[in-house]
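# Coordinate inspection notes
The residues making up each chain are set out below.
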Amino acid sequence: MRIFLFITFGLILLCPTPSLKAANQWPTWRGPNANGTVTHGNAPIQWSATQNIKWKVKIPGSGSSTPIIWNHRLFLLLAESTGIQANAEAIAKTRVKIEGSKPLSVVVNPEPKLIHRFDVLCIDRRSGKFLWRKTVREELPHEGHHRDHGYASSSPVTDGQHLYINYGSRGVHCYTLEGKRVWSRDLGKMTTRRHYGEGSSPALHGNTLIVNWDHEGQSFIVALNKLTGKTIWKANRDEVTSWATPLIVQHDGQTQVVVSGTHRVRSYDIQDGTVLWACGGQTVNVIPSPVYGLGMVYVASGYRGRAMYAIKLGHQGDLTGTKAIAWEVHRSTPYIPSLLLHQEKVYFFSANQARLSCYDAHDGKANYVGEPIKGLYGVYASPVAVGDRIYVTGRSGNTAIISPGPKLNVERVNRLGEDVDASPAIVGNELYIRGRTHLYCIAEEKTSTPAASTPDKVVPPAELTASVEINDLDGDGDLDVLVANGRHWGGPNRAYFNNGKGAFSQMIPFGTGKDRSYAARAIDYNGDGLVDIAVANDRQQSRVYLKNLRGNYAPGPAIGPVSQNTRNLFVSDMDGDKRPDILVANRREANFIYYNSAKGDIMEGNVLGSGEDSTICIAIADLNGDGKPDVVLANRDGQPNAIYLNAGAKKFGKAIVYGTGSDNTRSVALGDMNGDGHLDIIAANVGQPNRVFFNNGKGGFAKSTAFG
């Protein structure tokens, strides 16, 4: 299985001036010290979805930029679809091939079709009130992005008077803090590796704004006059796509711009762009940005390799393999999150995993390496710190509070209940976290609602279980279990919550208590960040049960008519609108796709298949490499198994039969069984050999082999 890139979130680094260090601000995504730390502050150590939340606001559009804060103003970037489809000529221009092959459909959107707004939002950080929102550019994106992020992954930077934005292919812009545009520059269009998208942000020093432009075309770095946007100097770079942002440092009276890259880490003279030194050794897909301290620059990368170097400043030329390398590490280095330099120690994650390492910044002595943080399962956000607290936020929205020092000491894990990919920001006594759909201000508040208590352990009696599904239902990083009970006879459905030790300390029922259920699937149906449950019932109302902040499940939209002989249910985004749709498998009648509806019950479905299938199981994946999810049906009762290729616009092609045409198939799975890069079909049959059907790469499965 391939692991794909997530484009980083708000990569801005600023060489801090004394005024910025002293101010109670967060002017860049890595904070006023440009290393993830703040000198003063007392951010809270305990919160939940209902405890110590000063305010919470829903953010329009999407994005993973970190909040940028100056006094009472907070700034975010976001992109939002207008819902307007571009004309055919404009769409055709987005069809760009990279590296001689079609972009990988499972990680990209190769053909954007909808016009988007690229906006900057200003919020009053005291109350969460929107102060202003400006559209920087409105256009059809010329290429897609990785599935885990969108078109607004960078963060702005501010000097307290103006806000500077690098929207990459959508231009570089300067606004006043009151929302008035001062100038804009168009630097061209980037062609990123495999259409992963853009994420690097500007760095600021004095009157110079630095923009790095690494992509699959001619890469370059450019210095702009922050007052006018005019070019001061520009230097071409021998680099491919990277997402790291420049670090501006002052050392021995010289100001230099340090930029990490696949081929070299380079330092440029900020006055004229002359390369001062360079050092090889990084991996491909460089994302983490450098940090500076103790007379050294610390750089790292972690995709298809592991590399972390402490480079002593004051040297010239090619530093690869020289005494300028104070120390280096080649294990457990980060892929997406950047380094944290705090109290003379360097902290970083292993790839995108919640495994933390700590090294002495002076000599590289390992204090601990790749230690797991219980309660976090994956990390994109970069760690931040203040005083004796380090804050590390996982993708599920859980944040671990860690004591700095030579041993890993996790004080507690706070659960927010919403996915988080953006790096947090600390200002004074407040912590700001941008979730997938909301922005949170977390502070010690006497009026905050206490956290909900955990019910006592409940042990249910033996039941008629039809299926189970494993998922993290409460966002604590542990795998929980959904149990669908009843089959033909009826029974209670239950969600069992894992305490992290393999025991289920909490059980919450869902449904009517007498459902004839065959399947229960995790789904965030309404996009609120909470994990809901879709239930498939036999000749009884199938339904979505919506999770509330108290942790219970309330009846939500009905799924189809009561009369269906439903045997299974599956969840997938079938039409590319980034909302989960529901596929219902029915025995001896038509299967249906119920497309996600913003309002009310979802009763009107689109027929999936011949209308006469007797389907027990469905598998969903892109079988022919066109970027759209296709469907494989497993049928019984003498009905032929069939493949339906997604034609787009909620339509499917004609049935492609696999098997004998009269197999009694009860389950089907997809996997690359022969290592050719294509997903094959594994069919489980009753009274017949099980069989693997090999994909020819175009959605054909003529060749097969029996087993079992």
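The model shown is predicted, which means the values in this text are computed figures rather than measured ones.

## Here we look at the sheet that holds strand β39 (residues 517-523)
The strand order β39-β40-β41-β42 describes an open sheet built from four strands, whose pairing is antiparallel. Looking at which strands have only one partner, the edges of the open sheet turn out to be β39 and β42 (553-559). Adjacent strand axes in the sheet meet at a mean angle of 25°, parallel and antiparallel pairs treated alike. Where strand β40 (residues 532-537) and strand β41 (residues 542-547) come together, three bridges link them in antiparallel fashion. Note on β41: the bridge partner recorded for V535 is R543.

## As for the domain arrangement of the protein chain
Assigned domains within the protein chain: domain 1 (25-93 + 108-443) and domain 2 (465-707). The straight-line distance from the C-alpha centre of domain 1 to that of domain 2 is 38 Å. Buried area between domain 1 and domain 2, summed over both chains or domains, comes out near 920 Å², and the portion from carbon and sulfur atoms is 49%. Among the residues of domain 1 in contact with domain 2, K374, R415 and G417 are the three that bury the most area, contributing 35% of the side total. For the pair domain 1 and domain 2, the interface holds zero salt bridges. Taken together, domain 1 and domain 2 are joined by three residue pairs in polar contact (both at pLDDT 80 or more). Broken down by class, the residue content of the side of domain 1 that touches domain 2 amounts to three nonpolar, seven polar and three charged.

## Structural notes on the sheet that holds strand β38 (residues 504-515)
Strands sit in the order β35-β36-β37-β38 across an open sheet of four strands; the sheet is antiparallel. The sheet is open, and its two borders are formed by β35 (465-471) and β38, each paired with just one other strand. Direction aside, neighbouring strands of the sheet carry axes that sit 15° apart on average. Note: strand β37 (residues 491-498) against β38, seven bridges, orientation antiparallel. Opposite A495, over in β38, you have I508 as the bridge partner.

## Section: the pairing of strand β44 (residues 581-586)
Taking burial as the measure, the six residues of β44 include six buried ones, the bulk of the element. Neither face of β44 is exposed, since D581, L583 and A585 on one face and I582, V584 and N586 on the opposite face are all buried. Bridge count for strand β43 (residues 566-572) against β44 is six bridges, and the pairing is antiparallel. Counterpart to S572 in the pairing with β44 is D581.

What counts and what doesn't
Every chain's residues receive numbers from 1 upward, in the order its sequence appears when written. In keeping with the predicted nature of the model, local features appear solely for residues at pLDDT of at least 70, side-chain atom pairs appear and are counted solely at 80 or more, and the whole-chain, interface and lining totals rest on all residues. The side-chain quantities take in all heavy atoms of the structure and omit both hydrogens and water. Pairing between strands is defined by DSSP: at least two bridges between them are needed. Numbering of helices and strands runs from the N terminus; a helix is a DSSP stretch of H or I covering at least four residues, while a strand is a stretch of E covering at least two. For helices, the fitted line uses only the C-alpha atoms of the stretch in contact; every axis is such a line through C-alpha atoms, and the angle between N-to-C directions lies from 0 to 180 degrees. Reported domain spans reflect what an automatic or database domain assignment gives. Two parts placed together each lose some accessible area under a 1.4 Å probe, and adding up what both lose gives the buried area. A side-chain nitrogen of Lys or Arg and a carboxyl oxygen of Asp or Glu constitute a salt bridge if their distance falls within 4 Å. Pairs of N or O atoms are called polar contacts if they sit within 3.5 Å, as long as, within protein, a hydrogen donor faces a hydrogen acceptor (for residues adjacent in sequence, only side-chain-to-side-chain pairs). Gly is put with the polar residues, along with every residue not named as nonpolar or charged; the nonpolar set is Ala, Val, Leu, Ile, Met, Phe, Trp, Tyr, Cys and Pro, and the charged set is Asp, Glu, Lys and Arg. To sort residues, take the accessible area from a 1.4 Å probe on protein chains only and compare it with the maximum for the residue type: under 20% means buried, over 50% means exposed, and anything in between is partly exposed.

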